Amino acid sequence: MSAVICGSLAFDTIMTFEGRFSEQILPDQLHILNVSFLVPALRREFGGCAGNIAYSLQQLGGKPLPMATVGSDGAEYVERMKTLGVSTEFVRQVGDTYTAQAMIMTDRDNNQITAFHPGAMMQAHITRIEARDDIKLGIISPDGRDAMLQHAEQFKAAGIPFVFDPGQGLPMFDGKELSHFVELATWVTVNDYEAKMLCDRTGLSCAELSRRVQGLVVTLGAEGCEVWIGGEKTLVPPVKAEAVVDPTGCGDAFRGALLFGLEKGWALDRCAALGNRVGAHKIATRGGQNYTLSSKQING
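Quick caveat, the model's predicted, so the values are computed rather than measured. (Residues numbered from 1 in each chain as written. Predicted model: local features only at pLDDT ≥ 70, side-chain atom pairs only at ≥ 80, totals over all residues. Heavy atoms only, no water.)

Undergrad: Lay out the pattern of salt bridges in plain terms, naming residues and giving numbers.
TA: Under the definition given, this model contains 12 salt bridges. Across the pair Asp 165 and Arg 255 runs a salt bridge, and its minimum N-O distance is 2.8 Å. Here Asp 165 is found in the loop between β9 (162-164) and α5 (175-184), whereas its partner Arg 255 is found in helix α8 (residues 250-264), with 90 residues between them in sequence. By the burial criterion, Asp 165 is buried, and Arg 255 matches it. Lys 233 is the partner of Glu 226 in a salt bridge, and the nearest nitrogen-oxygen pair spans 3.8 Å. Several salt bridges converge on common partners, so that one network encompasses Arg 20, Glu 23 and Asp 109. (Salt bridge = Lys/Arg side-chain N within 4 Å of Asp/Glu carboxyl O. Helix = DSSP H or I, 4+ residues; strand = E, 2+ residues; numbered from the N terminus. Buried < 20%, exposed > 50% of the residue type's maximum accessible area, 1.4 Å probe, protein only.)

Undergrad: So what about the sheet that holds strand β4 (residues 64-70)? Which residues, and what values?
TA: The strands making up a sheet associate through backbone hydrogen bonding, with each pair oriented either parallel or antiparallel. Taken in spatial order, the nine strands of this open sheet run β5-β4-β1-β8-β9-β10-β11-β12-β13, and their pairing is mixed. The sheet is open, and its two edges are formed by β5 (91-93) and β13 (232-236), each paired on a single side. Strand-to-strand twist in this sheet, taken as the mean axis angle between neighbours without regard to direction, amounts to 20 degrees. Here helix α4 (residues 145-158) sits on the sheet and contacts β1 (2-6), β4, β8 (135-140) and β9; the angle it forms with β8, its principal contact strand, is near 155 degrees. Across the sheet, α8 lies against β1, β8, β9, β10 (187-191), β11 (215-219) and β12 (225-229), angled at about 155 degrees from β8, the strand it touches most. (Pairing = 2+ DSSP bridges. Axes fitted to C-alpha atoms, helices over the stretch in contact; angles between N-to-C directions. Contact = heavy atoms within 4.5 Å.)

In structure tokens:
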């Protein structure tokens, strides 16, 4: 069975700053911020939430169906997906715009500053979700605003259970809109910062949010993650990474694992435990789509 992955396909330009942002940015001078960072290391990677999640799910043996839009420069990305065996059935190429681009700068503490140009992603709503026998579930990850709103409604209308993963797209929506997403979704996953924003904007606690869906997952980075079901919290312990090289795409790797487990009918805490293992493995590799999973990462 397949999982529809709504989100971005993007080219990531990743830069490494060897110092700490906190030592360069003066809190009392933010109103006249003018900083420059020397970045000796720079590379370009295939990224975007839909691409990274699809890569993770494919590595685990799942069948991802990324639903995304690329620009006139996106042929290389489409060909890469085909080479990896990932379906491009729902990947649309449009002209007169660039593929989404993320410029990501990471400091020595793995803090990140990102500038994102959406490009072709803003036309992602053109592709519709329809019911189909081979599609078992889906996920809405950061995408164009219209696409996120419309695809949530379409998943619900098609009777396809889905994960709401607002990520960096969360600030685009007000409390009423976010509450409606939760109402439509089957599961919700956010990191700890996003969880705070989601709770603030909806006026609901994590416990209350979890009672409106089958489960809420809050990732905590190196501290593991929380799984909320019916108002009750379970802490899923972290997996220690062999090396901390690059956090880019760790959350997406986790979500690919989450989809894999949900498709298998696993309990949510078991899905999250796999997510922790895959995320810990991914962080030891540069880029969001350059790691290879072994049976140890998959089976623990």
